[in-house]
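Remarks on the overall topology
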Amino acid sequence: MNVISAIKLYITKMANESGPGMKILLMDKETTSIVSMAFSQSDMLQKDVFLFERIDSPRSNERMKHLKCIVFLRPSKNNIALLSHELRSPKYGSYYVYFSNIIPRTDIKLLAESDESESVREVKEIYADYLSVNDNLFSLNIPTCMHALNWTADALSRSVEGVTAVLLSLKMKPVIRFRAGSTVAQALAKQVNEKISKESALFEFRVQESGAPPPLLLILDRRDDPVTPLLNQWTYQAMVHELLGINNNRVDLSGIAGAPKDMKEVVMSVDQDEFYANNMYSNFGEIGTTIKGLMDEFQKKAKDQKKVESIADMKNFVETYPQFRKMCGTVTKHVVVIGELSSQVAKNMLLEVSELEQEIACRADHSAQLQRVKRLVGEGKASLKDALRLILLYSLRYERHANCDITGLLQTLKSRGGPAHIVPRMLEYAGQHTRQGDLFSTVKITDAVKLTRSLIKGLKGVENVFTQHSCLLKETLEDVIRGRPLDPLYPSIGSELPFRRPPQHVIVFIVGGATYEEALAVAQLNTTGQRIILGGTTIHNSESFCREVIAATAGVPFKHTRSLQQFHATDNA
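Bear in mind that the values here come from a model prediction, so they are computed numbers and not experimental data. (Residues numbered from 1 in each chain as written. Predicted model: local features only at pLDDT ≥ 70, side-chain atom pairs only at ≥ 80, totals over all residues. Heavy atoms only, no water.)

Some details on the overall build of the protein chain
- Secondary structure summary: the protein chain contains 20 helices and 19 strands in total.
- Long-range contacts, defined as pairs at least 24 residues apart, comprise 81% of the intrachain contacts of the protein chain with a sequence gap of at least 6.
- In the form shown here, the protein chain has an accessible surface area of approximately 25,600 Å², with 51% of it arising from carbon and sulfur atoms. (Helix = DSSP H or I, 4+ residues; strand = E, 2+ residues; numbered from the N terminus. Contact = heavy atoms within 4.5 Å. Areas by Shrake-Rupley, 256 points an atom, 1.4 Å probe, with all protein chains shown as cover.)

Next up, the structure:
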């Protein structure tokens, strides 16, 4: 149950099956991301892959018959056409073709007809058709998947292919359950089930242990929990995504003052950065202490590197220098990132903003919370981004409260030039009328009512903030683990044999995007012996979630927020 390992096994297989010798890897845009998130370029060089090309980008016409070409493409119509053109006039000596998912026989026939020179040695399907973010987290990189609150055709097709690939790569034929009342979750569940039935031969895995329950694929709807993507985050991975943005394991530092010229973009990968892997779930205060320890260790090694007094010292210097340089890069990268996070926390008063966010999410106190939101928004203490989030959280919680003052807050936000039109869209997207159950009554408080703050000694200016909020997904998974009945909230597709024991393997897929806070909840449950993997159409922070909401509600008649008609403005945010 490790999606990074599953992807790496497929890519290693591709490199090994072509045998020894110099190779080129020919990819499309999506498979380039799939490979780069699993392996660094130096890792691929060790597998004799010396060149990387995109089949959908301009390329030279130089013939290189001495090279073997490993082709790794998604089986799209466009890629089939481009590959057919390549095979009619091959540049390389031999081709080993791998598709990231199931390919129709008609397309195989077309490729065979194009291969007049018989340069193709292999054509295979591998099921590496998703982005492996963490060991237990995958994404399909679909930033917006809905229009008029229903699937777009391309997003639904891509999601079916991606979820199917995950199941095949992990060798699972699951029971499929979906969130009742969600048309998007039901549509995906239905089409995945049809795909499994159609490709039944591919899903004939070894018989599971007698009496063991089958794996569970649980398809959820982001609209049930709009709160989690809107909250400030305080664990390292989630905080970096919220404040800086992580795109395919890469963070753009080009706009950060003091960032080294060679670090305008850095890789934050659990598989390629040991420090990051060990600390991505650490809270902000802990990460400050840990990076200080790493700097102390680096300074000690830097002093050792300067002591070259004998032949033995020289030999040791040469042997350890690559590791020293790697450590230098790791230290520099994380110091720059953490420094920028600290700067934004102070500049945007995120401790005060986050405390109010948490209180709105975790307990009802309308009058006091409204006054605090008005103060932070009206006095300009909160940035426009943070002001919008506070109003969104307030609106989601108190939309039906007798004294709700969404209109007044939106007037204030609009007067500051803020995107007030997003709020009615959020309420259409995930207001109380559409959510299953009462989101706010089920939120659990995991700490004291107020955030606990403690100054970390030895690293001035860094505060360790513990959050109260517990995402809805955690409660849902706890119900699954305890074997509580899932009907009728999560009905199954097709027939299901009754099993008294809870499933041992669970794959959760969230239509509308997952979050790193939910990935943390899954990781914590897995430490207790569970085997859970989380995926989503994308991985959201608050900004990307708002963009998803705007796209999803385009073309929707505003039935539930007519009182906010004046704020249904043209989207310009």
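Looking at empty space enclosed by the protein
- Scanning the entire structure with this criterion turns up 2 cavities of 30 Å³ or more.
- Here the largest cavity defines a volume of roughly 70 Å³.
- Mapped onto the lining of the largest cavity, the elements with two or more residues apiece are α8 (236-243) and α19 (516-526). (1 Å grid on protein atoms, 1.4 Å probe; cavity = no way out; pocket = protein on both sides within 12 Å on 5 of 7 lines; lining within 4 Å. Points joined across faces, edges and corners; volume = space filled by probe spheres on them.)

What about a nonpolar patch on the surface?
- Taken together, the side chains of M22, L45, F50 and L51 define a hydrophobic patch exposed on the protein surface, amounting to about 330 Å² of accessible area.
- Relative to the helices and strands, L51 is located in strand β2 (residues 49-54).
- Using a relative accessible area of 36% as the deciding quantity, one classes L51 as partly exposed. (Patch = residues over 30% accessible without salt bridge, like charges linked within 9 Å, V, L, I, M, F, W, Y side chains within 5 Å. Salt bridge = Lys/Arg side-chain N within 4 Å of Asp/Glu carboxyl O. Buried < 20%, exposed > 50% of the residue type's maximum accessible area, 1.4 Å probe, protein only.)

Considerations on the packing of aromatic side chains
- A complete count under the given rule lists 9 aromatic pairs for this structure.
- Summarising the aromatic geometry, the rings of F203 and F205 are spaced 6.0 Å apart at their centres and angled 65° between planes, so their arrangement reads as edge-to-face.
- The exposure class of F205 is partly exposed, given its relative accessible area of 25%.
- Taking the centre distance of 6.3 Å and the plane angle of 50° together, the rings of W234 and F284 count as tilted. In this pair, W234 is assigned in the loop between β11 (216-221) and α8 and F284 in helix α10 (residues 284-306), connecting sequence segments 50 residues apart. For the pair shown, W234 and F284 are each scored as buried.
- Feature note: the residues Y130, F138 and F509 constitute an aromatic cluster, connected by ring pairs. (Phe/Tyr/Trp six-rings, centres within 6.5 Å; stacked < 30°, edge-to-face > 60°.)

Points about the packing of helix α12 (residues 350-362) against helix α13 (residues 366-378)
- Contact geometry of α12 with α13 gives a least axis separation of 11 Å together with a crossing angle of 150°. Between α12 and α13, the angle falls in the class roughly antiparallel. Crossing of α12 over α13 shows left-handed handedness. Two secondary-structure elements touch here, α12 through E352, E355, L356, E359 and I360 and α13 through Q369, R372, V373, R375 and L376. (Axes fitted to C-alpha atoms, helices over the stretch in contact; angles between N-to-C directions. Parallel < 35°, antiparallel > 145°, perpendicular 65-115°, else oblique. Left-handed = near helix turned anticlockwise from the far one by under 90°.)

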